[in-house]
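Each chain, letter by letter, is given below.
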Amino acid sequence: MRWYDSDRMMPPFPFRRAHAKIATLSELRPLLAERRRAGRRVALANGCFDILHVGHVRYLNASRREADVLVVGVNADDSVRRLKGPGRPVLAQDERAQLVAALRAVDHVVVFPEDDVRVLLDELRPDVHCKGTDYTVDSVPERELVRAYGGRVAIVGDPKQHDTRALLARLRS
């Protein structure tokens with residue numbers, strides 16, 4: 001039996017299971033091409049998302065408001081180790097990708113091995129590259145790449161008051 005009574009009510013919204021939103025870069029390219037042919041605009045957000053917290057959720061919700069389709073790049077485990085140091089990531093990349101994919105605002109998730117998002121930007125060429133409020137438009141490292149292909153950079157989310165490093169320190173104390 002379904003999770004709803006099909007004789008009396010329809011599901012409140014069409015949904016996909018989180019794992020169905022996770023794709024490789026080669027799988028994602030044709031999906032986005034199809035969306036673009038339908039006139040949809042694409043936004044890309046990215047991060048480690050090691051221990052998902054409210055700041056991440058607000059960042060991704062704000063990113064979704066910038067376009068019709070939100071793709072989220074999740075740093076692979078080796079990349080997180082290089083960026084964040086010993087003991088990180090706390091959660092494995094597949095778990096982090098699934099948590100991000102479970103958010104309603106997110107349409108697609110791709111795990112990427114590089115330390116920055118330039119390869120994804122170059123391959124996917126989103127209309128909007130979304131970064132958190134710890135950046136300004138002029139401090140986004142990839143801004144020139146985005147501008148070169150005709151995209152724009154958007155600074156989104158709430159002020160950076162939520163930090164995985166601080167959360168982990170609190171948990172350990």
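Residues numbered from 1 in each chain as written. Predicted model: local features only at pLDDT ≥ 70, side-chain atom pairs only at ≥ 80, totals over all residues. Heavy atoms only, no water.

### So, unusual backbone geometry
Stage number 1. With an omega of 0°, the peptide bond running from Arg-88 to Pro-89 counts as cis.
Stage number 2. Tracing the chain through its elements places Pro-89 in the loop between helix 4 (77-84) and helix 5 (93-101).
Stage number 3. Even without being a glycine, Phe-49 presents a positive backbone phi close to 55°.
Stage number 4. With respect to the helices and strands, the residue Phe-49 is situated in the loop between strand 1 (42-47) and helix 3 (54-64).
Stage number 5. A relative accessible area of 3% means that Phe-49 is categorised as buried.
Stage number 6. A positive phi angle is found at Arg-125, which is not glycine, with a value near 45°.
Stage number 7. Of note, Arg-125 is situated in the loop between helix 6 (118-124) and strand 4 (128-131). (Helix = DSSP H or I, 4+ residues; strand = E, 2+ residues; numbered from the N terminus. Buried < 20%, exposed > 50% of the residue type's maximum accessible area, 1.4 Å probe, protein only.)

### Here's the deal with helix 3
Along an α-helix, residues three or four apart share an orientation, since each turn contains 3.6 residues.
Stage number 1. Among the residues of helix 3, Gly-55, His-56, Tyr-59, Leu-60, Ala-62 and Ser-63 are the ones counted as buried. Seen end-on, helix 3 carries its buried residues on one side only, within an arc spanning 160°. (Arc of directions from axis to C-beta.)

### Brief notes about the pattern of salt bridges
Pairing between side chains of opposite charge can happen when the charged atoms of each approach one another.
Stage number 1. Inspection of the entire model under this criterion finds 14 salt bridges.
Stage number 2. Between Arg-152 and Glu-66 there is a salt bridge; the shortest N-O distance is 2.7 Å. You can see Arg-152 sitting in strand 5 (residues 152-155) and its partner Glu-66 sitting in the loop between helix 3 and strand 2 (69-75), a full 86 residues away along the chain.
Stage number 3. We classify Arg-152 as partly exposed; its relative accessible area is 35%.
Stage number 4. For Glu-66, a relative accessible area of 23% puts it in the partly exposed group.
Stage number 5. The shortest N-O distance in the salt bridge between Arg-125 and Asp-122 comes to 3.2 Å.
Stage number 6. The exposure class assigned to Arg-125 is partly exposed, which follows from its relative accessible area of 41%.
Stage number 7. Note on Asp-122: relative accessible area 37%, which makes it partly exposed. (Salt bridge = Lys/Arg side-chain N within 4 Å of Asp/Glu carboxyl O.)

### Focus: the confidence of the model for the chain
Keep in mind that low pLDDT regions are not for reading the predicted coordinates in detail.
Stage number 1. Here the chain averages 89 in pLDDT, and 86% of its residues register 70 or above.
Stage number 2. Below a pLDDT of 50 lies the segment residues 1-14, which in the model reaches seven contacts outside its immediate sequence neighbourhood of four places, other chains included. (pLDDT = per-residue confidence, 0-100. Contact = heavy atoms within 4.5 Å.)

### Here's the deal with the sheet that holds strand 5
Stage number 1. Sheet architecture is open: five strands sit in the order 3-2-1-4-5, paired in parallel fashion. Unpaired on one side and paired on the other, strand 3 (108-112) and strand 5 mark the two borders of the sheet. Ignoring strand direction, the axes of neighbouring strands in this sheet form an average angle of 25°.
Stage number 2. Examined bridge by bridge, strand 1 and strand 2 share six bridges and lie parallel to one another. Counterpart to Ala-45 in the pairing with strand 2 is Val-72. (Pairing = 2+ DSSP bridges. Axes fitted to C-alpha atoms, helices over the stretch in contact; angles between N-to-C directions.)

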